[in-house]
Amino acid sequence: MKSILLIEDDVFIRDLYIRVLKKEAGFDIRVAEDGESGLKEVEDRHPDLILLDVMLPKINGIDVLKELKQNTDTKDIPVFLLTNLGQRSIIDQAFSIGADGYMLKARLLPNEIVEKVTNFFANGKPDDDMLQSGI
Amino acid sequence: MKIDFLDRYRKRVEQTLWVLIIYLGITVNIIHLEPIVSNRLILDVLLVIIALYTFVYYRYIAPRVNTPVIMLVSTTIFLGFSLMVVFLSGGFSSIYYGILYGALLIGATLIGSQALLTLTGMIALWILVQYFVGSSFGLASIDPLWQLIGRFTELSVIAFILYGSSKEINARMFEQQLTEDEKNKLRETVEREKNIIGSIEDMVVAIDIHGNIILTNTSFQKFIGKSADEMMGTYYQDVFTVHKCYMLGERKDIVDILESERNTLLPKHTTEDEEVEYKLESHKDSKLVEFTVSPLHDADSNKEEGIVVVFRDVSEKQQLELMKLDFVSMAAHELRTPITTIRGYIHALKEEMWNELEPDKRMYINRTEMAALQLVTLVENLLSVSRIERNSFTVETRETNWVNFIKQKVEEYEPRAFERGLNMTFVEPETDIPMAIVDPLRIAEVINNLLNNAISFTMQGNIEVSIEHDMENNMIVTHVKDTGQGIPEDAQNHLFEKFFRVSGTLQEGSKGTGLGLYISKHIVDMHYGHIWVQSKLNEGSVFSFSVPSINNIEIIRKFEEDRLQLKFNHHK
């Protein structure tokens, strides 16, 4: 069973995704409300995939991504940005730091997100539309 | 090697002492020995030889022979030799000479001066030579004036040679022999200091007054991508530059900061001036930085030796600043969050309760879903329009297989068309279509918009998508033809304006925002293409747009220029 770490500060959205990812798809889901506790969770146990929001309190998602990708321990854990920020410059920056994919929350239904995650685990790589940057 | 005042004083005294003693020694000796050796020339030559020997000894032999044992041996030899000469020549016939010689010997021993002791020996040697030479020659005395001149010559020669070798002598006299212990401590201190500088996260570089790099820390080496040894001694501009970038309007003054700062060599701190940015650039990377310049002083002479520059990476800060400044992006993000929640929970409700719901309740949910989806599109459109208005809409072009691209889009929309009872097809082009130069993401918005519109405005029938190669203009034209309701002529002129909507019956839930065509037109314009419509009421419409092919060198050049312009404006 694949384990996923979801780092998301909005409680409604967080619950929504947990519900779908855990109940429907049966993944082992852990959550963190902000970057700091997110990094701690990664340290405690490496997940198979990290779903990372960008607009987080205290440390923003880009800094979390930097931390993860600069650390030899964690740089190989795949990270998908799961955010409502579509700014191209930020998405490009994230990819250059080493993000493995990008999904705009508002555009996708939870089950579509599950589908993309499942595809990723099955194919070993993210769907093509996850590699494009935003507006 | 620190020389304090007393030591310096001692050095001067010693040098003066030599000269005085030699002079007096010579004088007294001449007076004494004149009857024996009258030929001043021989004496002069001998003196020069002896002085030269001293010079050679200190300059070349002594530095190479550094052990205390050798030093002791040579001192003993000279001392012994001097005493031997004294005895051989039957002691001192002149009391003055004896006193002087004695004083020299004692003084040299007290000061511990190897040099003086050697010199004493030299003089003894000289006396001995004179004794032998004099007794065998028995030359007549020469003119007193010549004697005077000769004496001055000797003095000058000795003084000159001694002064020249005094540095070596000085070094040898004040040399500090470090014990093994002290050497280790020194090594430790150097290592520790290197580690401290190495662990500073800020990038540190020190440059001498000629502009050559004399020190770098690990952070700096990482940024440049070179090792410390590679950079040591190189002219700093060959390795990196620091530019001031003004963001005031269109001004792009770029000033090489370090060049100007280096000339003033004043401590300088960059301030958080919102209008100015500093960019540190190497061959492979660039960063936005704040930096401090401090002068380097030589520890002893307090002369200015160069500068130390400490750079701090502030590109992150800049990025977050950008996020704050861009109100529309922030607003879009804030809008999207509740939209995400609405869509998500409505969908969840639908999933869990669909079977229990009556048809009209199902309709409530469907309509809510559609409205939420409309909000998503609306936010995106507003973002696009805002960027267009601010002229910050960017286009990143690359070679794209146009036929495949359009084919894929048609495949994507085909199900949607089918749902509404429409037939959507892609017409294979008859001729070869070259690659296109487009921004795939942006141009996708255009084709999405046209296909969506075609579906929305067609109640029944077909939607045909075809591609044409306009060889003459090196453009690729795409047509979306529908059998929909058509567009009245007066409306056709306003079609691509903001918020313009055509009235009439539309497919359910396809009200649209009135922004799609406005944005599409802008995107096509940014590709230096055209978008137009041919339509007749009740007969359907054909929307067409053109994009440049890879053969369109003129437009490719324009894209290149736009890209460069963008680079300049990037730090705005």
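Please read all numbers here as calculations on a predicted model, not as lab measurements.

## Considering the overall build of chain B
Summing up its helical and strand segments, chain B has 18 helices and 15 strands in all. The burial tally for chain B puts 42% of its 572 residues in the buried class. Summarising the internal contacts of chain B: among those between residues at least 6 apart in sequence, 68% fall at separations of at least 24. Within the structure as shown, chain B displays about 32,600 Å² of accessible surface, and the carbon and sulfur contribution to it stands at 59%.

## So, the confidence of the model for chain A
This prediction gives chain A a mean pLDDT of 88; 97% of its residues lie at or above 70. Here helix α4 (residues 88-97) of chain A is the element of chain A with the lowest mean pLDDT, 84, and strand β3 (residues 49-52) of chain A is the one with the highest, 95.

## Structural notes on the interface of chain B and chain A
Every contact between the two is made by 28 residues of chain B and, on the other side, 34 residues of chain A. If you look at where chain B meets chain A, you find 2 salt bridges. Measuring nitrogen to oxygen at the nearest pair gives 2.8 Å for the salt bridge that ties E380 of chain B to R107 of chain A. Between the two partners, chain B and chain A, sit 8 residue pairs in polar contact (both at pLDDT 80 or more). Here the side of chain B that touches chain A gets 14 residues from one element, more than from any other, and that element is helix α12 (residues 327-353) of chain B.

## What to know about the sheet that holds strand β2 (residues 28-32) of chain A
All names here are of chain A. In space, the 5 strands of this open sheet follow the order β2-β1-β3-β4-β5, with parallel pairing throughout. Lying at the two open borders of the sheet, with one neighbouring strand each, are β2 and β5 (101-104). For this sheet, the mean inter-axis angle between neighbouring strands, taken without regard to orientation, is 20°. Here β3 pairs with strand β4 (residues 79-83) via 3 bridges, running parallel. Note that in β4 the partner of L52 across the bridge is L81. On top of the sheet, helix α1 (residues 11-24) reaches β1 (3-7), β2, β3 and β4; it is set at about 165° to β2, its chief contact.

## As for the nonpolar core
One finds W402, I406, I443 and F545 of chain B to be the most contacted residues of the largest nonpolar core, which totals 45 residues. Non-local contacts of I443 of chain B, meaning those with residues more than four positions away in its chain, are made with W402, F405, V438, I523, H527, F545 and V547 of chain B. Among the nonpolar cores identified, the runner-up in size contains 23 residues, and I62, V64, L81 and A94 of chain A belong to it.

## Points about the packing of aromatic side chains
Within this structure, the stated rule accounts for 11 aromatic pairs over all chains. Arranged with centres 5.6 Å apart and planes meeting at 50°, the rings of F120 of chain A and F121 of chain A form a pair that is tilted. A relative accessible area of 21% places F121 of chain A in the partly exposed class. For the ring pair W402 of chain B and F545 of chain B, a centre distance of 6.0 Å and an interplane angle of 80° mean the geometry is edge-to-face. Of this pair, W402 of chain B sits in helix α14 (residues 402-419) while F545 of chain B sits in strand β15 (residues 540-548), and the two are 143 residues apart along the sequence. An aromatic cluster of at least three residues, connected via ring pairs, comprises F220, Y235, Y236, F240, F291 and F311 of chain B.

## Overview of the packing of α1 of chain A against helix α5 (residues 110-123) of chain A
Residues and elements named next belong to chain A. One way to put it is that α1 packs onto α5 with a least axis distance of 9 Å and a crossing angle of 50°. Comparing their axes, α5 and α1 come out oblique. Considering how the two elements wind past one another, α1 and α5 form a crossing that is right-handed. Where α1 approaches α5, its residues L16, Y17, V20 and L21 are matched on the opposing element by P110, N111, I113 and V114.

## Regarding the environment of R501 of chain B
All names here are of chain B. Checked against the element boundaries, R501 lands in the loop between α16 (489-492) and α17 (516-526). Judged by its relative accessible area of 46%, R501 is partly exposed. Sequence separation of R501 and L515 is 14 residues, and the distance between their C-alpha atoms is 8.7 Å.

## A word on the sheet that holds strand β12 (residues 461-470) of chain B
Residue and element names in this part refer to chain B. Spatially, β10-β12-β13-β15-β14 is the arrangement adopted by the 5 strands of the open sheet, whose pairing is mixed. The open sheet has two free edges, formed respectively by β10 (422-426) and β14 (531-536), since each of these has just one partner strand. Each strand axis lies, on average, 15° off the axis of its neighbour in the sheet, ignoring direction. One ladder, built from 5 bridges, connects β10 with β12; its direction is parallel. Across the sheet, residue M424 finds its bridge partner in β12, namely I463.

## Re the pattern of salt bridges
A full pass over the atoms with the stated rule returns 21 salt bridges over all chains. Between K409 of chain B and E412 of chain B there is a salt bridge whose closest N-O contact spans 3.6 Å. One end of the pair, K409 of chain B, and the other, E412 of chain B, are both in helix α14, 3 residues apart, so they sit about a helical turn from each other. Residue K409 of chain B is classed as buried on the basis of its relative accessible area, which comes to 11%. On the accessibility criterion, E412 of chain B (46% relative accessible area) is partly exposed. Overlapping salt bridges bring together E8, D53 and K105 of chain A as one network.

## Let's talk about helix α3 (residues 61-70) of chain A
Residues and elements named next belong to chain A. For α3, the buried fraction is high: 8 of the 10 residues fall into the buried class. Along α3, the residues that are buried comprise G61, I62, D63, V64, L65, K66, L68 and K69. Sitting at the amino-terminal end of α3 is N60, which places a side-chain oxygen 2.8 Å from the backbone nitrogen of I62.

## Overview of a nonpolar patch on the surface
A grouping of V11 and F12 of chain A together with Y345 of chain B is seen on the molecular surface, where their side chains present a nonpolar patch of about 280 Å² in accessible area. Taking the relative accessible area as the measure of exposure, Y345 of chain B reaches 34% and is therefore partly exposed.

## Focus on the pairing of strand β7 (residues 286-297) of chain B
Residue and element names in this part refer to chain B. Sheet topology note: the β7/strand β8 (residues 304-313) ladder contains 9 bridges and is antiparallel. Bridge pairing links F291 to F311 in β8. Linking two consecutive strands that pair antiparallel, namely β7 and β8, is a turn of 6 residues; a positive phi of about 60° is found at N302 within it.

## Thoughts on the pairing of β4 of chain A
Each regular strand displays side chains that alternate between the two surfaces of the sheet. Residue and element names in this part refer to chain A. When you tally the buried positions in β4, you get 5 out of 5 residues, the bulk of the element. Covered by surrounding structure in β4 are V79, L81 and T83 together with F80 and L82, the residues of both alternating faces. With 4 bridges joining them, β4 and β5 adopt parallel strand pairing. Note on β5: the bridge partner recorded for L82 is M103.

## Brief notes about the packing of α1 of chain A against α12 of chain B
Packing of α1 of chain A against α12 of chain B leaves a shortest axis separation of 9 Å and a crossing angle of 35°. When the axes of α1 of chain A and α12 of chain B are compared, the crossing they make is left-handed. In this structure, α1 of chain A contributes F12, I13, D15, L16, Y17, R19, K23 and E24 of chain A to the contact, and α12 of chain B contributes T337, T340, T341, G344, Y345, A348, E351 and E352 of chain B. Looking at the contact of α1 of chain A with α12 of chain B, its residues break down into 6 nonpolar, 4 polar and 6 charged.

The rules behind the values
Residues numbered from 1 in each chain as written. Chains lettered and ligands numbered in written order. Predicted model: local features only at pLDDT ≥ 70, side-chain atom pairs only at ≥ 80, totals over all residues. Heavy atoms only, no water. Helix = DSSP H or I, 4+ residues; strand = E, 2+ residues; numbered from the N terminus. Buried < 20%, exposed > 50% of the residue type's maximum accessible area, 1.4 Å probe, protein only. Contact = heavy atoms within 4.5 Å. Areas by Shrake-Rupley, 256 points an atom, 1.4 Å probe, with all protein chains shown as cover. pLDDT = per-residue confidence, 0-100. Salt bridge = Lys/Arg side-chain N within 4 Å of Asp/Glu carboxyl O. Polar contact = N/O pair within 3.5 Å; in protein donor to acceptor, adjacent residues only side chain to side chain. Pairing = 2+ DSSP bridges. Axes fitted to C-alpha atoms, helices over the stretch in contact; angles between N-to-C directions. Core = buried A, V, L, I, M, F, W, Y, C linked by side-chain atoms within 4.5 Å. Phe/Tyr/Trp six-rings, centres within 6.5 Å; stacked < 30°, edge-to-face > 60°. Parallel < 35°, antiparallel > 145°, perpendicular 65-115°, else oblique. Left-handed = near helix turned anticlockwise from the far one by under 90°. Patch = residues over 30% accessible without salt bridge, like charges linked within 9 Å, V, L, I, M, F, W, Y side chains within 5 Å. Nonpolar A, V, L, I, M, F, W, Y, C, P; charged D, E, K, R; others polar.

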